[in-house]
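Descriptive structure summary
Single-letter residue listing:
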Amino acid sequence: VDGTQLTDHTMDIGNGWENSNYLVANKGAYSEISGNKAIQTLNSAGVVTETNDTDVLIEADWTPTSASDNRGGLILRYDEDATYGNYWEFNIRRDNGDWQILEFTDAIATVRDSGSFTWNAGQTYRVSFVARGDALTAFIDGVQVGTYTSSLYNTHTKHGFQRNGGNNATTWDNFNVYSLT
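Residues numbered from 1 in each chain as written. Predicted model: local features only at pLDDT ≥ 70, side-chain atom pairs only at ≥ 80, totals over all residues. Heavy atoms only, no water.

1. Things to note about the side chain of Asn86
Relative to the helices and strands, Asn86 resides in strand β7 (residues 86–93). Look at Asn86 and you get buried, because its relative accessible area is 12%. A polar contact is formed between the side chain of Asn86 and the backbone nitrogen of Asp106, at a distance of 2.8 Å. With near-sequence residues (within four places) excluded, Asn86 lies in contact with Arg77, Tyr78, Asp79, Phe104, Thr105, Asp106 and Tyr153. (Helix = DSSP H or I, 4+ residues; strand = E, 2+ residues; numbered from the N terminus. Buried < 20%, exposed > 50% of the residue type's maximum accessible area, 1.4 Å probe, protein only. Polar contact = N/O pair within 3.5 Å; in protein donor to acceptor, adjacent residues only side chain to side chain. Contact = heavy atoms within 4.5 Å.)

Printed below as a string of structure tokens:
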């Protein structure tokens, strides 16, 4: 139902959504259903779900709008112990025409891998992020675009997606988390 907060939405599979502390000031009801797709109505809003698995494939359909500033990301191995959360993100940025694998340590982002990609407004892209052991791998439409290896956060079991800029009309759909263990 349009306007339903993701935290109140019953997932097809999983333990339910929870708001992340991506930015404490923005924690709240900012991820909702619109037109049967997920939107995030405030920059720096994110949702995660507990999976009880560290090695996972997460994937979703991401559709940027025509606005120039459209940024979002898939979150792996999220940990709320820090004030702003520690996690890995596959950051996709239409306005910059690129993607990044980011390491977040208490709101400090470090780019670990990056590359260019031409995004088209209104086109849907299948984006995926894999964590297996110490290896992190990012995909766009089934094509591997980035990798990084690190043991950091490899015991954390929350995964999700977030918006870090852009137009409210940018959507997420068909979000899946698959255990690789």
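2. Looking at unusual backbone geometry
The phi dihedral of Arg77 falls on the positive side, at around 55°, and the residue is not glycine. With respect to the helices, strands and loops of the structure, Arg77 is situated in strand β6 (residues 71–79). Classification of Arg77 by relative accessible area gives buried; the value is 0%. Backbone geometry places Asp141, a non-glycine residue, at a positive phi of 50°. Relative to the elements of secondary structure, Asp141 occurs in the loop between β11 (135–140) and β12 (143–149). The exposure class of Asp141 is partly exposed, given its relative accessible area of 40%.

3. Considering the nonpolar core
It is characteristic of soluble globular proteins that their nonpolar side chains tend to be buried jointly. If you look at the biggest cluster of nonpolar residues, it comprises 24 residues, and the most contacted ones within it are Leu74, Leu76, Phe90, Ile92, Val127, Phe129 and Trp172. Excluding its chain neighbours within four sequence positions, the residues that come into contact with Leu76 are Val56, Ile58, Tyr87, Trp88, Phe129, Val130, Ala131, Leu136, Lys158 and His159. Ranked by size, the runner-up nonpolar core spans six residues in total, among them Ile75, Tyr87, Leu102 and Phe104. (Core = buried A, V, L, I, M, F, W, Y, C linked by side-chain atoms within 4.5 Å.)

4. Thoughts on the packing of aromatic side chains
The tally for this structure, following the rule as stated, stands at 10 aromatic pairs. Measuring from centroid to centroid gives 5.7 Å for Phe117 and Tyr125, while their planes differ by 85°, and the two rings are edge-to-face. An aromatic cluster of at least three residues, connected via ring pairs, comprises Trp62, Phe117, Trp119 and Tyr125. (Phe/Tyr/Trp six-rings, centres within 6.5 Å; stacked < 30°, edge-to-face > 60°.)

5. Regarding the pattern of salt bridges
A full pass over the atoms with the stated rule returns four salt bridges. Where Arg112 meets Glu103, a salt bridge forms, and the shortest distance between an N and an O atom there is 2.8 Å. Within the structure, one salt-bridge network assembled from shared partners comprises Glu59, Asp61 and Arg126. (Salt bridge = Lys/Arg side-chain N within 4 Å of Asp/Glu carboxyl O.)

6. A word on the environment of Tyr153
Following the sequence through the fold, Tyr153 ends up in the loop between β12 and β13 (158–165). Tyr153 sits in the buried class, given a relative accessible area of 8%. Apart from the residues lying within four places of it in its own chain, the contact partners of Tyr153 are Arg77, Asn86, Tyr87, Trp88, Glu103, Phe104 and Thr105. A polar atom in the side chain of Tyr153 sits 2.6 Å from the side chain of Thr105.

7. Quick word on the confidence of the model for the protein
Detailed conclusions should not be drawn from predicted coordinates in areas where pLDDT is low. Confidence along the protein averages 76 in pLDDT terms, with 65% of residues attaining 70 or more. Of the regions scoring below 50 in pLDDT, residues 23–29 engages in 14 contacts with residues more than four places distant in sequence or in other chains. (pLDDT = per-residue confidence, 0-100.)

8. Considering the environment of Phe161
As for its placement among the helices and strands, Phe161 is situated in strand β13. Sequence separation of Phe161 and Gly46 is 115 residues, and the distance between their C-alpha atoms is 5.8 Å.

9. Quick look at the pairing of strand β10 (residues 125–132)
Extensive coverage of β10 is indicated by the burial of six of its eight residues. One ladder, built from seven bridges, connects strand β5 (residues 56–63) with β10; its direction is antiparallel. Residue Leu57 lies in a different strand from β10, and its bridge partner there is Val130. Relative to β11, β10 is paired through six bridges, and the arrangement is antiparallel. Paired with Phe129 across the bridge in β11 is Ala138. Between the antiparallel neighbours β10 and β11 lie two residues, among them Gly133 with a positive phi of about 65°. (Pairing = 2+ DSSP bridges.)

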